[in-house]
Amino acid sequence: MKTVIHNIGTLAGILPEGTLRLEGEAMNNVGCINNAYLTIEDGIITGFGPMDDDCVRGVSETTSHAEADLIDAKGGFVMPCFCDSHTHIVYAGCRDGEFRDKIAGLSYEEIAARGGGILNSADLLHETSEDELYEQSMVRVREIMAMGTGAVEIKSGYGLTVEDELKMLRVIRRIKETAPITVKANFLGAHAVGRAYRGRQSEYVDLVCNEMLPRVAAEGLADFVDVFCDEGFFTVEETDRILAAAARYGIVPKIHANELGVSGGVQVGVRHGALSVDHLEKTTDAEIEALRGSRTMPTMLPGCSFFLGIPFGRAKDYIQAGLPVALASDYNPGSSPSGNMRFVMALGCIRMRLTPEQSFNACTINTAYAMGVSDKLGSITVGKKANLIITKPVPSLAFIPYSHQTPVIEKVLIGGIAL
């Protein structure tokens, strides 16, 4: 079945075939065609161009609905769906009680030190069946799809025992099998130390390396492995042990780093060839230098900064240094309870002083790269999957983050099929 989207006011996010990420000055540009069309076959983008192109004129004037599905964009933007490369959306219940603690002035670290935070989520998840956990998580998956997310990475890390981590990863596998969007699974057994191992952190690291990882690998449950390498969580040395163990199973590393302090997590991630290092709210020039020439995508999570009232990442400095930057939601119950990537794009502009073009690229092609799917998603490119947002008519790309609460999304297509 062929689909033709016509009367596109602006087709945005066009990149040449083979472009996997944008860095430095290249992040300033968004390829666009005004008054455009786009064609889709079998869920894949097959062509696009200006509306006066002879090809689309012939299709739109002579092709019947039996031969092609015609979608009138009515002058709106058509752009690639957002890719969200950092979420924790498989969790049980919520942590709205901690919201009161935050309002009262307790920090993320103070809540964690009192046995709350991640450990509260682990307690709730332990009591929740796999079926119920899947149903709760699918509510959030459908929510982010409706807001324009077409690919998502989902982490474990609220299990913190062998069986509960496996339960989370099996739920993520079910989401992969049932949700139309692209889903990547990330094993984050080293999110915190489980309650049973309190005061015995080294033994918990042994559990992750010697029991969790072999089981995860045997069932093929994870695309990535992650470690929360930060103050009060896991050290550089412990992170190194876990990533070395994961390498024996061929699992690609990613890192939580520098949310709470300058932890060394960026450097250990780069040494292990991490696909991304995420958070980066607190970094120095040393982290920028460590990332030069690497394959690692620096990924910042402005929703976390917004919700916790902590510094925003130095995205502008990274780009000025010639590096790429990705922005993701960090959707989780404790520090960023939202998966709205349009709001993430807006925070990139409003609080991180990125241009709309830089923020757009950080939320599309670069986040696709940060989850290993930029060869298939993240831009308007012939041969890529047709995961697309169609907006109502808007005056410019800048309007999308500028008026971030105005409901501009008219339609979301996943693989060329409207949700």
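Reference entry: report on the structure contained in this document. (Residues numbered from 1 in each chain as written. Predicted model: local features only at pLDDT ≥ 70, side-chain atom pairs only at ≥ 80, totals over all residues. Heavy atoms only, no water.)

What about the packing of aromatic side chains?
- This model, assessed by the stated rule, comprises 6 aromatic pairs.
- Between the aromatic rings of Tyr197 and Tyr204, the centroid separation amounts to 5.7 Å while the plane-to-plane angle is 65 degrees, which identifies the pairing as edge-to-face.
- Taken together, the ring pairs in this structure connect Tyr197, Tyr204 and Phe234 into an aromatic cluster.
- Looking at Arg200, its charged tip hangs above the ring of Tyr197, at a distance of 4.7 Å from the centre. (Phe/Tyr/Trp six-rings, centres within 6.5 Å; stacked < 30°, edge-to-face > 60°. Lys NZ or Arg CZ within 6 Å of the ring centre and 35° of its normal.)

Comments concerning the pattern of salt bridges
- The tally for this structure, following the rule as stated, stands at 17 salt bridges.
- Between Arg21 and Glu23 there is a salt bridge, with its nearest N and O atoms 3.1 Å apart.
- With relative accessibility at 37%, the residue Glu23 sits in the partly exposed group.
- We note a salt bridge from Lys155 to Asp226, for which the minimum N-O separation is 2.8 Å. Taken together, the residues Lys155 in strand S7 (residues 149–155) and Asp226 in strand S9 (residues 224–229) connect sequence positions 71 residues apart. Neither Lys155 nor Asp226 differs from the other in exposure class; each is buried.
- Residues joined in a network through salt bridges with shared partners are Glu153, Lys155, Asp226 and Lys254. (Salt bridge = Lys/Arg side-chain N within 4 Å of Asp/Glu carboxyl O. Buried < 20%, exposed > 50% of the residue type's maximum accessible area, 1.4 Å probe, protein only. Helix = DSSP H or I, 4+ residues; strand = E, 2+ residues; numbered from the N terminus.)

What about unusual backbone geometry?
- One non-glycine residue, Asn7, adopts positive backbone phi at about 55 degrees.
- Its location among the elements puts Asn7 in strand S1 (residues 2–14).
- One non-glycine residue with positive phi stands out, namely His279, at about 100 degrees.
- Topologically, His279 is positioned in strand S11 (residues 276–279).
- Overall, the relative accessible area of 2% leaves His279 in the buried class.

Focus on the nonpolar core
- Counting 103 residues, the largest nonpolar core has Ile175, Phe187, Phe234 and Leu327 as its most contacted members.
- The biggest single contributor to this core is helix H7 (residues 201–218), with 8 residues.
- Not counting chain neighbours up to four residues away, the residues in contact with Phe234 comprise Ala190, His191, Ala192, Val193, Gln201, Tyr204, Val205, Val227, Phe228, Cys229 and Thr239.
- If you look at the next biggest cluster of nonpolar residues, it comprises 16 residues, including Leu11, Leu38, Ile40 and Ile390. (Core = buried A, V, L, I, M, F, W, Y, C linked by side-chain atoms within 4.5 Å. Contact = heavy atoms within 4.5 Å.)

Remarks on the packing of helix H5 (residues 130–146) against helix H6 (residues 162–178)
- Packing of H5 against H6 leaves a shortest axis separation of 10 Å and a crossing angle of 50 degrees. What the angle tells us is that H5 and H6 run oblique. Once H5 is placed against H6, the crossing between them reads as right-handed. Across the interface between the two elements, Glu130, Asp131, Leu133, Tyr134, Ser137, Met138 and Val141 from H5 touch Lys167, Met168, Arg170, Val171, Arg174, Ile175 and Thr178 from H6.
- Of the residues that constitute the contact of H5 with H6, the class distribution is 7 nonpolar, 2 polar and 5 charged. (Axes fitted to C-alpha atoms, helices over the stretch in contact; angles between N-to-C directions. Parallel < 35°, antiparallel > 145°, perpendicular 65-115°, else oblique. Left-handed = near helix turned anticlockwise from the far one by under 90°. Nonpolar A, V, L, I, M, F, W, Y, C, P; charged D, E, K, R; others polar.)

Topic: empty space enclosed by the protein
- Inspection of every chain in the model, using the stated rule, returns 4 cavities of 30 Å³ or more.
- The computed volume of the largest cavity comes to approximately 80 Å³.
- Considering the residues around the largest cavity, the lining is formed by 13 residues, among which His88, Tyr108, His191, Asn332 and Ser335 are closest to the centre.
- Partitioned by chemical class, the residues of the lining of the largest cavity number 4 nonpolar, 6 polar and 3 charged. (1 Å grid on protein atoms, 1.4 Å probe; cavity = no way out; pocket = protein on both sides within 12 Å on 5 of 7 lines; lining within 4 Å. Points joined across faces, edges and corners; volume = space filled by probe spheres on them.)

Re the side chain of Ser294
- On the secondary structure map, Ser294 appears in the loop between helix H10 (285–291) and strand S12 (297–300).
- Residue Ser294 is classed as buried on the basis of its relative accessible area of 14%.
- For Ser294, the side chain forms a polar contact with the main-chain oxygen of Leu291, separated by 2.9 Å.
- With sequence-adjacent residues up to four places away left out, Ser294 is seen in contact with Arg21 and Val270. (Polar contact = N/O pair within 3.5 Å; in protein donor to acceptor, adjacent residues only side chain to side chain.)

Here's the deal with the layout of surface pockets
- Taken as a whole, the largest pocket holds about 360 Å³ of empty space.
- Around the largest pocket sit 17 residues that line it, and Ala112, Leu119, Val193, Gly232 and Phe233 are the ones nearest its centre.
- Put simply, the parts of the chain that give the lining of the largest pocket at least two residues each are helix H3 (108–113) and helix H4 (118–126).
- When residues in the lining of the largest pocket are grouped by element, the largest group, 3 residues, is from H3.
- For the lining of the largest pocket, the class distribution of residues is 7 nonpolar, 6 polar and 4 charged.

Considering the environment of Met1
- With respect to the helices and strands, Met1 occurs in the segment before S1.
- For Met1, a relative accessible area of 59% puts it in the exposed group.
- Counting along the chain gives 115 residues from Met1 to Gly116, while the straight-line C-alpha distance between them is 52 Å.

What to know about the pairing of strand S14 (residues 388–391)
- Burial along S14 is two-sided: Leu388 and Ile390 and Ile389 and Thr391, pointing in opposite directions, are all buried.
- Pairing geometry for strand S5 (residues 77–80) and S14, over 3 bridges, is antiparallel. Each bridged residue has a counterpart across the sheet, and for Met79 the counterpart in S14 is Ile389.
- Of the strand pairs in this sheet, S14 and strand S15 (residues 409–414) are connected by 4 bridges, and their pairing is antiparallel. (Pairing = 2+ DSSP bridges.)

Nothing here speaks to function; it is all geometry.
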